[in-house]
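Descriptive structure summary
Each chain, written out:
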Amino acid sequence: MMTMVLKGLSALGFIAVSAMFLIWLERKVSAWIQNRLGPMMTGFQGTLQPIADTIKLLLKEDIVPKGVDFLSWWLAPFFVTVPVVMAFLVIPFSSKWIVLDLNVGVLYICSVTSLCVLGIFMAGWGSNNKYSLLGGMRSAAQIISYEVPLLLSVLLVVMQAGTLSMQGIIHAQAHGWFILKPQLALAFLIYFISATAEVNRVPFDIPEAESELVAGYHTEYSGMKFAMFFVAEYTNMFIISAIAATLFLGGWQGPWLPGVVWFLIKAYGLIFVLMWMRWTLPRVRMDQMMSFAWKVLTPIALLNLLVGGWFMLK
Amino acid sequence: MLLLRQCMLPDYLYIIFFFLLGIAFVASAFVVSWALRPKAPNPAKNSPYECGEIIKGDSRIQFNVRYYLFALIFVIFDVEILFTMPWAIVFRQLGMVAYLEMAAFILVLAAGLFYAWKKGALQWQ
């Protein structure tokens, strides 16, 4: 009982610190890519900026616009943030540091993280704002479309490892990471593209395209409710990168350094790639995005499942 | 039954605990900010944001049916993937027969996807 509470609280602490660090990193990376300095005033290289941001958001007035759908407006921040906390149950930081190695770990984390779309849609519908509704609709369409190739590529890893437990999949990679096999390398590529779309990042950020939809589904949210959307967005980035590191890059396995260091290097390395993409690539159009999911990624993933499965049996 | 209870109950306890923890996390953030923040609403501030213009019409409008079509195709594929999960775990032990059976299942689905494609259900115009 005591260990359960301690593990839960340390997961919450990690979520808070990681989200703050990622927000600082995003601003710094964007600044370096655009040849600016980024935040510099608060602390060394602006490292205290996230704390200042948190205090500012805590003290902001909570504006409830006229005509909101009260229930979905209030529940939406819960629906995006609670699944993020729940996902930390099965993330394997090292051979010992995992809250609980569920025997259906992969299925659990995929199903829990896909609940976020409900919160996003409730925020879009509940806000009584045209931009929010458009953003929520687009986001729901995008997330469910990219869910299919994402799960199909995860399926290939399950076939290779023969287990759904996160630690079991890492142990199956003791003699070589899964990404080194050709069919799983293709699965990694499909996973990473779909996961980028799942967390609404550029080049798939049409639900919150600033130039046409203000801020998409969270246009009307302010103060702590907005902060919850922000925390969920950045922690989701960590979760998809952690899943990718676990399923394809060998998890915490690596020479010399302790396991948890390897795991964080891999996860944050993938997050850096996501940020790099955001500040380099342009945004794709809505129709391009949907036809890419259904006419390119899904057929390739299905074909990969059949051909890759054939070669696994050989 | 006893065996089931012994091996599954702690797992579900953890899941429920993390669910409650997530709710407590969000709720505590709301309570702290509720205690600290200023409260000064006025009609102009509380009107929905529309680039500063006076609001026109209701925001909950009728939406294009294409969103619904994509949702329908998604449900089919999601259920299919759930069916495939148990097969994927034991796939290496079952060998060629199970592979061919699942290949037939996936090919039927692929034919369905191709049909939807030809019918224009995947067209976003």
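The preceding data block contains the structure.
Let me begin by describing the structure that accompanies this report. No experiment lies behind these values; they were computed from the predicted model shown. (Residues numbered from 1 in each chain as written. Chains lettered and ligands numbered in written order. Predicted model: local features only at pLDDT ≥ 70, side-chain atom pairs only at ≥ 80, totals over all residues. Heavy atoms only, no water.)

Observations concerning the environment of B:Asp78
Tracing the sequence through the fold places B:Asp78 in helix H2 (residues 66–94). Dropping the residues within four chain positions of it, B:Asp78 is found in contact with A:Glu147 and A:Leu151. (Helix = DSSP H or I, 4+ residues; strand = E, 2+ residues; numbered from the N terminus. Contact = heavy atoms within 4.5 Å.)

Here we look at the pattern of salt bridges
Any two side chains of opposite charge can pair, so long as their charged atoms come close to each other. All names here are of chain A. Throughout the structure, instances matching the rule amount to five salt bridges over all chains. Across the pair Glu 26 and Arg 278 runs a salt bridge, and its minimum N-O distance is 3.1 Å. Note that Glu 26 is positioned in helix H1 (residues 2–33) and Arg 278 in helix H11 (residues 259–278), a separation of 252 residues in sequence. For Arg 278, a relative accessible area of 22% gives the class partly exposed. With a closest N to O distance of 2.9 Å, Arg 27 and Asp 53 form a salt bridge. (Salt bridge = Lys/Arg side-chain N within 4 Å of Asp/Glu carboxyl O. Buried < 20%, exposed > 50% of the residue type's maximum accessible area, 1.4 Å probe, protein only.)

Concerning H2(B)
Residue pairs three or four apart in sequence face the same way in an α-helix, which turns once every 3.6 residues. Residues and elements named next belong to chain B. Compared with an ideal rise of 1.5 Å per residue, which puts 29 residues at 42 Å, H2 spans 40 Å between its outermost C-alpha atoms and is within 8% of the ideal. By the largest-angle criterion, Ala 88 marks the main kink of H2, which is about 40°. Of the residues trailing H2, Gly 95 is marked for its positive phi of about 80°. (Expected span 1.5 Å × (residues − 1). Bend = angle between axes of the 7 residues up to and from the residue.)

Concerning H1(A)
Here H1(A) spans 46 Å end to end across 32 residues, near enough to the 46 Å set by a 1.5 Å rise per residue. In the segment just after H1(A), A:Asn35 is the residue with positive phi, at about 60°.

Here we look at unusual backbone geometry
All names here are of chain A. Backbone geometry at Gln 45 places phi at a positive 55°, although glycine is not the residue there. With relative accessibility at 28%, the residue Gln 45 sits in the partly exposed group. Here the phi dihedral of Trp 256 falls at roughly 60°; this positive angle occurs in a residue that is not glycine. Looking at where Trp 256 falls in the secondary structure, it is placed in the loop between helix H10 (223–248) and H11. Look at Trp 256 and you get exposed, because its relative accessible area is 86%.

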